[in-house]
Amino acid sequence: MNISIVGAGIAGLAAAIALRRAGHNVEIYEKSQFKNEIGAAILLTPNGNRILRKWGFDFERARPVDFGQFRFVHGESLKVVIHEDFSGVESRFGDRMCAYHRVDLHTGLRDLAEREREGWAPPAKIKLGAEVVGVDAEKGELTLSDGIRVEKDLVVLADGCHCPFLLDITGENTPSVKIGKSVYRWLAPFDKVKEHPVAKQLWENQPAGFCSFFNDNGIFMVTYPCRNSELLNCAVFHDTRPDERDKDDWNANTTHEKVLEALEGFSDAVRNIPLTTPHMKAYTVTQRPPSTRIHKGKVLAIGDTVHHMLPTHAQGGVAALEDAAALEVLFDSSRFAPTSPPSPSTLEARLKLYTTLRLPRSATMQILSSTNPRFTMANLATKNEEIRKFYQGDLIDWPLGCTSWSEPIREFIYGYDVFSEAEKAMEFRERDDGKVPDGVLKWFGEVDEKWTRSEYAGLA
Ligand SMILES: Cc1cc2nc3c(=O)[nH]c(=O)nc-3n(C[C@H](O)[C@H](O)[C@H](O)COP(=O)(O)OP(=O)(O)OC[C@H]3O[C@@H](n4cnc5c(N)ncnc54)[C@H](O)[C@@H]3O)c2cc1C
(Lines give C-alpha, C1' and ligand atoms only; values in the text may rest on other atoms or scores of the structure.)
Protein backbone atom coordinates (compact mmCIF):
# COMPACT_ATOMS: atom_id res chain seq x y z
CA MET A 1 0.00 0.00 0.00
CA ASN A 2 0.95 3.65 -0.28
CA ILE A 3 0.39 5.18 3.15
CA SER A 4 0.36 8.77 4.48
CA ILE A 5 1.19 9.39 8.11
CA VAL A 6 0.30 12.73 9.69
CA GLY A 7 2.84 13.69 12.38
CA ALA A 8 6.37 12.49 13.14
CA GLY A 9 6.19 12.13 16.92
CA ILE A 10 6.74 8.75 18.59
CA ALA A 11 3.50 7.38 17.10
CA GLY A 12 4.11 8.60 13.55
CA LEU A 13 7.74 7.47 13.37
CA ALA A 14 6.95 4.13 14.99
CA ALA A 15 4.08 3.57 12.55
CA ALA A 16 6.44 4.37 9.66
CA ILE A 17 8.95 1.76 10.91
CA ALA A 18 6.24 -0.86 11.44
CA LEU A 19 4.56 -0.26 8.09
CA ARG A 20 7.88 -0.38 6.24
CA ARG A 21 8.55 -3.71 7.93
CA ALA A 22 5.09 -4.80 6.77
CA GLY A 23 6.06 -3.99 3.17
CA HIS A 24 4.41 -0.60 2.54
CA ASN A 25 5.56 2.72 1.08
CA VAL A 26 5.28 5.44 3.68
CA GLU A 27 5.28 9.22 3.53
CA ILE A 28 5.15 11.31 6.72
CA TYR A 29 3.82 14.88 6.82
CA GLU A 30 5.19 16.81 9.80
CA LYS A 31 4.30 20.45 10.34
CA SER A 32 7.40 21.40 12.36
CA GLN A 33 11.02 21.63 11.25
CA PHE A 34 12.17 19.48 14.22
CA LYS A 35 14.19 22.41 15.52
CA ASN A 36 12.39 22.47 18.85
CA GLU A 37 12.54 18.85 19.91
CA ILE A 38 11.49 18.53 23.50
CA GLY A 39 14.16 18.86 26.18
CA ALA A 40 12.66 16.28 28.52
CA ALA A 41 12.95 12.59 29.32
CA ILE A 42 10.60 9.67 28.79
CA LEU A 43 10.44 6.30 30.52
CA LEU A 44 9.76 3.22 28.43
CA THR A 45 8.57 0.15 30.33
CA PRO A 46 9.39 -3.39 29.11
CA ASN A 47 6.26 -3.62 26.94
CA GLY A 48 7.65 -0.68 24.92
CA ASN A 49 11.34 -1.60 24.84
CA ARG A 50 10.41 -5.11 23.66
CA ILE A 51 9.08 -3.50 20.47
CA LEU A 52 12.17 -1.34 19.94
CA ARG A 53 14.40 -4.39 20.37
CA LYS A 54 12.50 -6.32 17.71
CA TRP A 55 12.99 -3.41 15.31
CA GLY A 56 16.76 -3.32 15.88
CA PHE A 57 16.74 -0.02 17.77
CA ASP A 58 20.24 1.26 18.59
CA PHE A 59 20.07 1.30 22.41
CA GLU A 60 23.76 2.04 22.79
CA ARG A 61 23.50 5.23 20.78
CA ALA A 62 20.35 6.33 22.63
CA ARG A 63 22.05 5.97 26.06
CA PRO A 64 18.95 5.23 28.20
CA VAL A 65 19.24 4.76 31.98
CA ASP A 66 17.91 1.52 33.49
CA PHE A 67 15.61 1.93 36.47
CA GLY A 68 16.22 0.03 39.70
CA GLN A 69 13.73 1.71 42.01
CA PHE A 70 10.96 4.19 42.78
CA ARG A 71 11.30 6.37 45.88
CA PHE A 72 8.50 8.59 47.15
CA VAL A 73 10.17 11.07 49.45
CA HIS A 74 8.74 13.69 51.81
CA GLY A 75 9.99 16.99 50.36
CA GLU A 76 10.79 18.59 53.70
CA SER A 77 12.08 15.74 55.87
CA LEU A 78 13.48 13.73 52.93
CA LYS A 79 12.10 10.61 54.57
CA VAL A 80 11.38 7.83 52.05
CA VAL A 81 7.72 6.88 52.59
CA ILE A 82 7.22 4.48 49.68
CA HIS A 83 9.86 2.36 48.03
CA GLU A 84 9.38 0.05 45.05
CA ASP A 85 12.20 -2.25 44.00
CA PHE A 86 12.48 -2.67 40.21
CA SER A 87 15.54 -4.92 40.28
CA GLY A 88 13.58 -7.99 39.08
CA VAL A 89 11.62 -6.21 36.35
CA GLU A 90 13.94 -6.98 33.44
CA SER A 91 14.22 -10.68 34.24
CA ARG A 92 10.47 -10.95 34.90
CA PHE A 93 9.33 -9.21 31.71
CA GLY A 94 12.28 -9.99 29.45
CA ASP A 95 13.16 -6.40 28.66
CA ARG A 96 14.43 -3.15 30.08
CA MET A 97 12.63 -0.43 31.99
CA CYS A 98 14.67 2.62 31.09
CA ALA A 99 14.51 6.37 30.55
CA TYR A 100 15.60 8.23 27.43
CA HIS A 101 16.22 11.83 26.60
CA ARG A 102 13.29 12.40 24.20
CA VAL A 103 15.63 13.72 21.51
CA ASP A 104 17.68 10.49 21.69
CA LEU A 105 14.58 8.30 21.39
CA HIS A 106 13.26 10.39 18.52
CA THR A 107 16.65 10.29 16.73
CA GLY A 108 16.77 6.50 17.05
CA LEU A 109 13.22 6.11 15.73
CA ARG A 110 13.86 8.51 12.88
CA ASP A 111 16.96 6.57 11.92
CA LEU A 112 14.95 3.34 11.74
CA ALA A 113 12.21 5.05 9.72
CA GLU A 114 14.56 6.67 7.21
CA ARG A 115 17.51 4.33 6.77
CA GLU A 116 17.71 1.64 4.08
CA ARG A 117 17.14 -1.79 5.68
CA GLU A 118 17.35 -5.21 4.12
CA GLY A 119 13.95 -6.87 3.84
CA TRP A 120 12.02 -3.67 4.65
CA ALA A 121 10.10 -1.49 2.18
CA PRO A 122 11.97 1.65 0.99
CA PRO A 123 12.84 4.30 3.60
CA ALA A 124 9.99 6.53 4.76
CA LYS A 125 9.96 9.99 3.21
CA ILE A 126 9.56 12.64 5.89
CA LYS A 127 8.27 15.98 4.67
CA LEU A 128 9.05 18.69 7.23
CA GLY A 129 7.16 21.98 7.38
CA ALA A 130 4.19 20.11 5.85
CA GLU A 131 1.09 21.02 7.81
CA VAL A 132 -2.01 18.98 7.10
CA VAL A 133 -5.12 21.19 7.13
CA GLY A 134 -7.74 18.81 5.77
CA VAL A 135 -8.48 15.07 5.79
CA ASP A 136 -11.00 13.35 3.51
CA ALA A 137 -11.52 10.00 5.19
CA GLU A 138 -13.47 8.34 2.38
CA LYS A 139 -10.87 9.18 -0.29
CA GLY A 140 -7.81 8.84 1.98
CA GLU A 141 -6.85 12.35 0.93
CA LEU A 142 -4.83 14.95 2.83
CA THR A 143 -4.79 18.66 2.08
CA LEU A 144 -1.60 20.50 2.99
CA SER A 145 -1.43 24.16 4.01
CA ASP A 146 0.01 25.09 0.59
CA GLY A 147 -3.09 23.64 -1.07
CA ILE A 148 -1.46 20.43 -2.35
CA ARG A 149 -3.65 17.32 -2.07
CA VAL A 150 -2.27 13.82 -1.56
CA GLU A 151 -4.38 10.68 -1.96
CA LYS A 152 -3.20 7.31 -0.61
CA ASP A 153 -4.54 3.81 0.18
CA LEU A 154 -4.44 4.49 3.94
CA VAL A 155 -3.93 7.52 6.19
CA VAL A 156 -2.53 7.10 9.71
CA LEU A 157 -3.38 10.10 11.86
CA ALA A 158 -0.62 10.56 14.46
CA ASP A 159 -0.78 14.31 14.95
CA GLY A 160 -1.07 14.24 18.75
CA CYS A 161 -3.54 15.36 21.37
CA HIS A 162 -4.63 18.58 19.62
CA CYS A 163 -5.83 16.75 16.47
CA PRO A 164 -8.55 18.88 14.81
CA PHE A 165 -9.79 15.97 12.64
CA LEU A 166 -10.72 13.55 15.43
CA LEU A 167 -14.38 14.52 15.69
CA ASP A 168 -14.86 13.68 12.01
CA ILE A 169 -13.19 10.27 12.47
CA THR A 170 -14.80 9.20 15.73
CA GLY A 171 -18.10 11.09 15.50
CA GLU A 172 -17.70 11.69 19.24
CA ASN A 173 -17.02 14.99 20.87
CA THR A 174 -14.20 14.14 23.30
CA PRO A 175 -12.07 17.28 23.56
CA SER A 176 -8.96 17.33 25.75
CA VAL A 177 -9.77 18.91 29.09
CA LYS A 178 -7.51 20.65 31.58
CA ILE A 179 -7.31 18.77 34.87
CA GLY A 180 -6.37 21.81 36.98
CA LYS A 181 -2.70 20.84 37.22
CA SER A 182 0.31 22.35 35.48
CA VAL A 183 3.93 21.28 35.35
CA TYR A 184 7.20 23.16 35.68
CA ARG A 185 9.82 21.14 33.86
CA TRP A 186 13.52 21.23 33.16
CA LEU A 187 16.59 19.03 32.69
CA ALA A 188 19.32 19.59 35.29
CA PRO A 189 23.00 18.63 34.94
CA PHE A 190 23.04 15.72 37.41
CA ASP A 191 26.64 16.35 38.56
CA LYS A 192 25.72 19.89 39.52
CA VAL A 193 22.65 18.70 41.44
CA LYS A 194 24.87 16.34 43.43
CA GLU A 195 27.27 19.16 44.38
CA HIS A 196 24.74 19.96 47.12
CA PRO A 197 25.91 17.84 50.08
CA VAL A 198 22.43 16.62 51.08
CA ALA A 199 21.41 15.91 47.47
CA LYS A 200 24.63 13.96 47.09
CA GLN A 201 23.57 11.66 49.93
CA LEU A 202 20.15 11.20 48.36
CA TRP A 203 21.56 9.81 45.13
CA GLU A 204 24.97 8.39 46.03
CA ASN A 205 25.20 4.57 45.94
CA GLN A 206 21.54 4.32 44.95
CA PRO A 207 20.12 2.42 41.98
CA ALA A 208 18.88 4.82 39.29
CA GLY A 209 15.17 5.47 39.01
CA PHE A 210 12.41 7.74 40.24
CA CYS A 211 13.06 9.97 43.23
CA SER A 212 9.79 11.85 43.67
CA PHE A 213 9.26 14.51 46.31
CA PHE A 214 5.91 15.59 47.69
CA ASN A 215 4.45 17.84 50.35
CA ASP A 216 1.12 17.87 52.17
CA ASN A 217 -0.32 20.62 49.90
CA GLY A 218 -0.45 18.53 46.74
CA ILE A 219 2.87 19.60 45.25
CA PHE A 220 4.59 16.68 43.61
CA MET A 221 8.03 16.76 41.99
CA VAL A 222 9.12 13.82 39.84
CA THR A 223 12.83 13.38 39.11
CA TYR A 224 14.71 10.71 37.20
CA PRO A 225 17.96 10.55 35.22
CA CYS A 226 18.39 10.09 31.47
CA ARG A 227 21.20 10.12 28.86
CA ASN A 228 23.80 8.04 30.71
CA SER A 229 22.74 9.76 33.96
CA GLU A 230 24.23 13.04 32.75
CA LEU A 231 20.87 14.80 33.11
CA LEU A 232 18.16 14.75 35.77
CA ASN A 233 14.64 15.13 34.36
CA CYS A 234 12.49 17.22 36.71
CA ALA A 235 8.75 17.98 36.68
CA VAL A 236 6.85 19.84 39.41
CA PHE A 237 3.09 19.19 39.33
CA HIS A 238 1.15 22.01 40.96
CA ASP A 239 -2.29 23.67 40.82
CA THR A 240 -2.56 25.68 37.61
CA ARG A 241 -1.96 29.40 38.19
CA PRO A 242 -4.26 31.80 36.30
CA ASP A 243 -1.39 32.88 34.00
CA GLU A 244 -0.69 29.23 33.09
CA ARG A 245 -4.16 28.24 31.90
CA ASP A 246 -3.36 28.65 28.21
CA LYS A 247 0.13 27.14 28.28
CA ASP A 248 -0.78 23.86 26.69
CA ASP A 249 2.25 23.44 24.50
CA TRP A 250 5.41 22.06 26.11
CA ASN A 251 7.74 24.92 25.43
CA ALA A 252 6.31 27.96 27.24
CA ASN A 253 8.89 29.71 29.41
CA THR A 254 8.47 30.31 33.11
CA THR A 255 10.66 31.64 35.92
CA HIS A 256 12.74 30.23 38.78
CA GLU A 257 10.69 32.42 41.15
CA LYS A 258 7.48 30.57 40.29
CA VAL A 259 9.16 27.17 40.60
CA LEU A 260 10.63 28.08 43.98
CA GLU A 261 7.27 29.41 45.12
CA ALA A 262 5.74 26.00 44.35
CA LEU A 263 8.59 24.31 46.24
CA GLU A 264 8.21 26.47 49.32
CA GLY A 265 8.90 24.44 52.48
CA PHE A 266 10.81 21.75 50.57
CA SER A 267 14.34 20.87 51.70
CA ASP A 268 17.12 23.11 50.47
CA ALA A 269 18.52 20.08 48.61
CA VAL A 270 15.33 19.97 46.51
CA ARG A 271 14.98 23.74 46.09
CA ASN A 272 18.53 23.89 44.81
CA ILE A 273 17.76 21.60 41.85
CA PRO A 274 16.07 24.24 39.61
CA LEU A 275 18.91 26.65 40.37
CA THR A 276 21.40 24.39 38.58
CA THR A 277 19.93 25.20 35.17
CA PRO A 278 18.94 28.48 33.43
CA HIS A 279 15.70 27.55 31.62
CA MET A 280 12.37 26.64 33.23
CA LYS A 281 9.37 25.59 31.13
CA ALA A 282 5.69 25.30 32.04
CA TYR A 283 2.69 23.58 30.56
CA THR A 284 -0.83 22.72 31.60
CA VAL A 285 -1.88 19.10 31.85
CA THR A 286 -4.81 17.84 29.77
CA GLN A 287 -6.50 14.49 29.25
CA ARG A 288 -9.28 13.02 27.17
CA PRO A 289 -11.80 10.22 27.72
CA PRO A 290 -11.49 7.18 25.42
CA SER A 291 -13.15 7.18 21.99
CA THR A 292 -15.22 4.17 20.98
CA ARG A 293 -14.42 4.53 17.29
CA ILE A 294 -10.91 5.14 15.96
CA HIS A 295 -11.16 4.67 12.19
CA LYS A 296 -13.32 5.90 9.34
CA GLY A 297 -13.02 5.15 5.63
CA LYS A 298 -9.31 4.99 4.88
CA VAL A 299 -8.20 6.81 8.04
CA LEU A 300 -6.96 5.30 11.31
CA ALA A 301 -6.06 7.36 14.40
CA ILE A 302 -3.22 6.18 16.66
CA GLY A 303 -1.05 7.52 19.51
CA ASP A 304 -2.05 10.59 21.50
CA THR A 305 -4.44 11.55 18.71
CA VAL A 306 -6.80 8.90 19.98
CA HIS A 307 -5.63 7.92 23.50
CA HIS A 308 -4.18 11.02 25.08
CA MET A 309 -3.68 10.12 28.76
CA LEU A 310 -2.09 11.43 31.94
CA PRO A 311 1.54 10.48 32.57
CA THR A 312 0.85 8.54 35.80
CA HIS A 313 1.99 5.13 34.48
CA ALA A 314 4.39 6.21 31.72
CA GLN A 315 2.20 4.53 29.09
CA GLY A 316 1.31 7.24 26.52
CA GLY A 317 4.46 6.83 24.42
CA VAL A 318 4.55 3.09 25.06
CA ALA A 319 0.95 2.78 23.83
CA ALA A 320 1.98 4.60 20.64
CA LEU A 321 4.71 1.97 20.09
CA GLU A 322 2.17 -0.79 20.74
CA ASP A 323 -0.21 0.75 18.19
CA ALA A 324 2.55 0.69 15.60
CA ALA A 325 3.56 -2.90 16.40
CA ALA A 326 -0.08 -3.96 15.98
CA LEU A 327 -0.10 -2.32 12.54
CA GLU A 328 3.00 -4.29 11.58
CA VAL A 329 1.25 -7.62 12.19
CA LEU A 330 -2.29 -6.77 11.07
CA PHE A 331 -1.22 -4.90 7.92
CA ASP A 332 1.56 -7.26 6.84
CA SER A 333 1.34 -6.99 3.04
CA SER A 334 1.91 -10.73 2.57
CA ARG A 335 -1.35 -11.32 4.44
CA PHE A 336 -3.34 -9.22 1.98
CA ALA A 337 -2.98 -11.80 -0.79
CA PRO A 338 -4.35 -12.22 -3.41
CA THR A 339 -4.89 -8.46 -3.76
CA SER A 340 -2.49 -5.78 -2.64
CA PRO A 341 -3.51 -3.03 -2.00
CA PRO A 342 -6.44 -4.68 -0.22
CA SER A 343 -10.01 -4.26 -1.41
CA PRO A 344 -12.09 -1.66 0.50
CA SER A 345 -13.91 -4.42 2.39
CA THR A 346 -10.62 -6.12 3.41
CA LEU A 347 -9.22 -2.79 4.58
CA GLU A 348 -12.36 -2.09 6.58
CA ALA A 349 -12.21 -5.58 8.16
CA ARG A 350 -8.54 -5.10 9.08
CA LEU A 351 -9.22 -1.68 10.63
CA LYS A 352 -12.03 -3.24 12.68
CA LEU A 353 -9.68 -6.00 13.83
CA TYR A 354 -7.12 -3.37 14.81
CA THR A 355 -9.80 -1.64 16.88
CA THR A 356 -10.75 -4.94 18.55
CA LEU A 357 -7.13 -5.51 19.44
CA ARG A 358 -6.02 -2.05 20.51
CA LEU A 359 -9.00 -0.09 21.81
CA PRO A 360 -9.64 -2.14 24.99
CA ARG A 361 -5.99 -1.87 25.96
CA SER A 362 -5.48 1.82 25.19
CA ALA A 363 -8.84 2.82 26.70
CA THR A 364 -7.99 0.92 29.88
CA MET A 365 -4.67 2.71 30.14
CA GLN A 366 -6.44 6.04 29.64
CA ILE A 367 -8.89 5.24 32.41
CA LEU A 368 -6.18 3.99 34.78
CA SER A 369 -4.10 7.07 34.12
CA SER A 370 -7.01 9.28 35.15
CA THR A 371 -7.25 7.59 38.54
CA ASN A 372 -6.50 10.74 40.41
CA PRO A 373 -5.13 14.11 39.35
CA ARG A 374 -2.78 14.06 42.33
CA PHE A 375 -1.02 11.19 40.61
CA THR A 376 -1.61 8.63 43.30
CA MET A 377 -3.70 5.53 42.72
CA ALA A 378 -6.13 6.18 45.55
CA ASN A 379 -9.27 5.95 43.40
CA LEU A 380 -8.25 2.82 41.58
CA ALA A 381 -10.93 0.60 43.08
CA THR A 382 -13.67 2.68 41.46
CA LYS A 383 -12.26 2.28 37.96
CA ASN A 384 -13.25 -1.26 37.01
CA GLU A 385 -16.79 -0.32 36.05
CA GLU A 386 -15.52 2.31 33.62
CA ILE A 387 -12.89 -0.07 32.22
CA ARG A 388 -15.56 -2.75 31.65
CA LYS A 389 -17.15 -0.58 28.94
CA PHE A 390 -14.08 -1.33 26.82
CA TYR A 391 -12.41 -4.44 28.13
CA GLN A 392 -13.88 -7.86 28.93
CA GLY A 393 -10.77 -9.85 29.89
CA ASP A 394 -9.12 -10.48 33.28
CA LEU A 395 -9.12 -7.53 35.64
CA ILE A 396 -7.13 -7.04 38.77
CA ASP A 397 -8.89 -6.54 42.08
CA TRP A 398 -6.85 -3.38 42.55
CA PRO A 399 -5.04 -3.80 45.85
CA LEU A 400 -5.32 -1.20 48.54
CA GLY A 401 -2.24 0.99 48.66
CA CYS A 402 -1.17 0.09 45.14
CA THR A 403 0.86 2.81 43.38
CA SER A 404 1.44 3.27 39.66
CA TRP A 405 4.67 1.27 40.08
CA SER A 406 3.58 -1.57 42.39
CA GLU A 407 4.02 -5.19 41.40
CA PRO A 408 0.36 -5.91 40.49
CA ILE A 409 0.27 -2.90 38.19
CA ARG A 410 3.55 -3.93 36.62
CA GLU A 411 2.18 -7.42 36.01
CA PHE A 412 -0.96 -5.95 34.50
CA ILE A 413 0.79 -3.54 32.16
CA TYR A 414 4.29 -4.80 31.31
CA GLY A 415 3.35 -8.42 30.64
CA TYR A 416 1.45 -7.41 27.50
CA ASP A 417 3.17 -8.56 24.32
CA VAL A 418 1.47 -6.75 21.48
CA PHE A 419 3.14 -8.88 18.80
CA SER A 420 1.79 -12.15 20.15
CA GLU A 421 -1.67 -10.66 20.84
CA ALA A 422 -1.79 -9.32 17.28
CA GLU A 423 -0.78 -12.76 15.96
CA LYS A 424 -3.64 -14.32 17.92
CA ALA A 425 -6.06 -11.78 16.45
CA MET A 426 -4.83 -12.64 12.94
CA GLU A 427 -5.16 -16.37 13.57
CA PHE A 428 -8.83 -15.86 14.38
CA ARG A 429 -9.35 -13.70 11.33
CA GLU A 430 -7.72 -16.27 9.09
CA ARG A 431 -9.58 -19.19 10.66
CA ASP A 432 -13.19 -18.03 10.39
CA ASP A 433 -15.17 -14.89 9.57
CA GLY A 434 -12.75 -12.57 11.30
CA LYS A 435 -14.73 -12.15 14.50
CA VAL A 436 -12.57 -12.47 17.59
CA PRO A 437 -14.68 -13.79 20.49
CA ASP A 438 -14.66 -11.74 23.70
CA GLY A 439 -11.95 -12.70 26.18
CA VAL A 440 -9.78 -14.57 23.65
CA LEU A 441 -7.08 -11.95 23.56
CA LYS A 442 -5.26 -11.56 26.87
CA TRP A 443 -4.89 -7.83 26.59
CA PHE A 444 -2.52 -7.75 29.50
CA GLY A 445 -0.60 -10.99 29.15
CA GLU A 446 -0.88 -13.57 31.85
CA VAL A 447 -2.54 -11.99 34.88
CA ASP A 448 -1.49 -14.07 37.87
CA GLU A 449 -4.43 -15.26 39.90
CA LYS A 450 -2.96 -13.75 43.05
CA TRP A 451 -3.55 -10.24 41.67
CA THR A 452 -7.18 -10.92 40.98
CA ARG A 453 -7.84 -11.45 44.69
CA SER A 454 -7.76 -8.68 47.27
CA GLU A 455 -5.12 -10.23 49.51
CA TYR A 456 -2.22 -8.08 48.42
CA ALA A 457 -1.15 -6.15 51.50
CA GLY A 458 2.05 -4.72 50.00
CA LEU A 459 1.71 -1.02 50.68
CA ALA A 460 -1.54 -0.77 52.57
C1 LIG B 1 4.69 15.18 31.52
C2 LIG B 1 4.56 14.00 30.61
C3 LIG B 1 5.33 12.90 30.87
C4 LIG B 1 5.19 11.77 30.08
N5 LIG B 1 5.95 10.70 30.37
C6 LIG B 1 5.82 9.58 29.63
C7 LIG B 1 6.63 8.44 29.92
O8 LIG B 1 7.46 8.46 30.83
N9 LIG B 1 6.45 7.33 29.15
C10 LIG B 1 5.55 7.29 28.11
O11 LIG B 1 5.45 6.25 27.45
N12 LIG B 1 4.79 8.37 27.82
C13 LIG B 1 4.91 9.50 28.53
N14 LIG B 1 4.17 10.59 28.21
C15 LIG B 1 3.25 10.54 27.06
C16 LIG B 1 4.00 10.68 25.73
O17 LIG B 1 4.84 11.80 25.77
C18 LIG B 1 3.01 10.82 24.60
O19 LIG B 1 2.03 9.82 24.72
C20 LIG B 1 3.69 10.67 23.24
O21 LIG B 1 4.74 11.59 23.11
C22 LIG B 1 2.66 10.88 22.14
O23 LIG B 1 3.28 10.78 20.90
P24 LIG B 1 2.45 11.10 19.58
O25 LIG B 1 3.38 10.84 18.45
O26 LIG B 1 1.15 10.39 19.61
O27 LIG B 1 2.08 12.65 19.65
P28 LIG B 1 3.02 13.92 19.58
O29 LIG B 1 4.29 13.70 20.28
O30 LIG B 1 2.18 15.07 20.01
O31 LIG B 1 3.37 14.07 18.02
C32 LIG B 1 2.49 14.64 17.10
C33 LIG B 1 3.30 15.17 15.92
O34 LIG B 1 2.39 15.60 14.91
C35 LIG B 1 2.79 16.87 14.42
N36 LIG B 1 1.57 17.54 13.95
C37 LIG B 1 0.53 18.02 14.68
N38 LIG B 1 -0.42 18.52 13.90
C39 LIG B 1 0.01 18.36 12.63
C40 LIG B 1 -0.56 18.68 11.36
N41 LIG B 1 -1.76 19.27 11.26
N42 LIG B 1 0.15 18.39 10.24
C43 LIG B 1 1.37 17.78 10.32
N44 LIG B 1 1.96 17.47 11.50
C45 LIG B 1 1.27 17.73 12.63
C46 LIG B 1 3.41 17.55 15.63
O47 LIG B 1 4.28 18.60 15.24
C48 LIG B 1 4.14 16.38 16.28
O49 LIG B 1 5.45 16.21 15.77
C50 LIG B 1 4.27 11.75 28.99
C51 LIG B 1 3.51 12.87 28.71
C52 LIG B 1 3.64 13.99 29.52
C53 LIG B 1 2.78 15.18 29.21
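Here the structure is shown first, and the text comes after it.
Because the structure is a prediction, the values reported are computed rather than measured. (Residues numbered from 1 in each chain as written. Predicted model: local features only at pLDDT ≥ 70, side-chain atom pairs only at ≥ 80, totals over all residues. Heavy atoms only, no water.)

Draft legend 1. Expanded view of the overall build of the protein chain. When you go through the protein chain residue by residue, the secondary structure sums to 16 helices and 20 strands. Looking at the protein chain as a whole, 59% of its 460 residues qualify as buried. As displayed, the protein chain has an accessible area near 18,900 Å², and 47% of this comes from carbon and sulfur atoms. (Helix = DSSP H or I, 4+ residues; strand = E, 2+ residues; numbered from the N terminus. Buried < 20%, exposed > 50% of the residue type's maximum accessible area, 1.4 Å probe, protein only. Areas by Shrake-Rupley, 256 points an atom, 1.4 Å probe, with all protein chains shown as cover.)

Draft legend 2. Seen up close, the packing of aromatic side chains. Under the counting rule described, the total for this entry stands at 15 aromatic pairs. Aromatic side chains Phe70 and Phe210 sit 5.8 Å apart centroid to centroid with 75 degrees between the ring planes, which places their arrangement in the edge-to-face category. Here Phe210 lies in strand β14 (residues 209-214) and Phe70 lies in strand β5 (residues 69-74), a separation of 140 residues in the sequence. We note that Phe70, like Phe210, is buried. Note on Phe70 and Trp405: the rings are 6.3 Å apart at their centroids and 40 degrees apart in plane angle, and the pair reads as tilted. Of this pair, Phe70 sits in strand β5 while Trp405 sits in the loop between α14 (384-387) and α15 (407-414), and the two are 335 residues apart along the sequence. Trp405 carries the same exposure label as Phe70, and that label is buried. Cluster of aromatic residues (ring-pair linked, three or more members): Phe67, Phe70, Phe72, Phe210, Phe214, Phe220, Tyr224, Phe237 and Trp405. (Phe/Tyr/Trp six-rings, centres within 6.5 Å; stacked < 30°, edge-to-face > 60°.)

Draft legend 3. Focus on helix α1 (residues 10-21). Between its terminal C-alpha atoms α1 stretches 16 Å, which fits the 16 Å expected from twelve residues at 1.5 Å a residue. Counting buried residues in α1 gives eleven out of twelve residues, a clear majority hidden from the surface. Taken as a whole, α1 has its buried residues at Ile10, Ala11, Gly12, Leu13, Ala14, Ala15, Ala16, Ile17, Ala18, Leu19 and Arg20. Positive backbone phi, approximately 100 degrees, marks Gly23, located one or two places after α1. (Expected span 1.5 Å × (residues − 1).)

Draft legend 4. Fine view of the site of the ligand. Looking at the ligand, there are 29 residues lining it, with Glu30, Leu43, Arg102, Tyr283 and Asp304 nearest. The contact in question runs from a nitrogen atom of the ligand to an N or O atom on the backbone of Val132, over 3.0 Å. Contact with the protein chains hides 83% of the accessible area of the ligand, taken as 1,000 Å² for the molecule alone. Secondary structure elements with two or more residues in the shell around the ligand: α1, β2 (25-30), β3 (41-44) and α12 (316-330). (Near = heavy atom within 4 Å. Polar contact = N/O pair within 3.5 Å; in protein donor to acceptor, adjacent residues only side chain to side chain.)

Draft legend 5. Representation of the side chain of Arg358. Assignment of secondary structure puts Arg358 in helix α13 (residues 344-369). Since its relative accessible area comes to 1%, Arg358 is described here as buried. Within the structure, the side chain of Arg358 is placed 3.3 Å from the backbone oxygen of Ala319, a separation counted as a polar contact. Within the structure, the side chain of Arg358 is placed 2.8 Å from the side chain of Asp323, a separation counted as a polar contact. With residues up to four places along the chain from it excluded, the contact list for Arg358 reads Ala319, Glu322, Asp323, Ala326, Tyr416 and Val418. (Contact = heavy atoms within 4.5 Å.)

Draft legend 6. Spotlight on the side chain of Arg50. Structurally, the position occupied by Arg50 is in helix α2 (residues 46-54). For Arg50, which is buried and forms no salt bridge, the nearest opposite charge comes from Asp417, at a distance of 4.9 Å. A polar atom in the side chain of Arg50 sits 3.0 Å from the backbone oxygen of Tyr414. Residues contacting Arg50, with those up to four places away along its chain left out, are Phe93, Asp95, Tyr414, Gly415, Tyr416 and Asp417. (Lys, Arg positive; Asp, Glu negative; His and termini not counted. Salt bridge = Lys/Arg side-chain N within 4 Å of Asp/Glu carboxyl O.)

Draft legend 7. Here's a closer look at the environment of Thr364. Of note, Thr364 is situated in helix α13. Judged by relative accessible area, Thr364 falls into the buried class, the value being 1%. Each C-alpha atom of the pair Thr364 and Tyr391 lies 7.2 Å from the other, and the pair is 27 residues apart in sequence. Engagement of the side chain of Thr364 in a polar contact is seen with the backbone oxygen of Pro360, the distance being 2.6 Å.

Draft legend 8. The arrangement of α2 in detail. Within α2, seven of the nine residues are buried, leaving the element largely enclosed by the surrounding structure. Residues of α2 that are buried: Pro46, Asn47, Gly48, Asn49, Arg50, Ile51 and Leu52. Where α2 ends, the next residue or the one after it, Gly56, has phi of about 80 degrees, a positive value.

Draft legend 9. Looking closely at the pairing of strand β16 (residues 231-239). With eight of its nine residues buried, β16 lies for the most part within the structure. Alignment of strand β13 (residues 177-189) against β16, held across nine bridges, turns out to be antiparallel. Looking at the pairing, Trp186 lines up with Cys234 of β16. Relative to β16, strand β15 (residues 220-226) runs antiparallel, the two being bridged by seven bridges. (Pairing = 2+ DSSP bridges.)

Draft legend 10. Local environment of the sheet that holds strand β17 (residues 252-254). Here eight strands make up an open sheet; going across it, the order is β6-β5-β14-β15-β16-β13-β18-β17 and the pairing mixed. Each having just a single partner strand, β6 (80-85) and β17 make up the two edges of the open sheet. On average, each strand axis in the sheet is inclined to that of its neighbour by 25 degrees, with strand direction left out of account. (Axes fitted to C-alpha atoms, helices over the stretch in contact; angles between N-to-C directions.)

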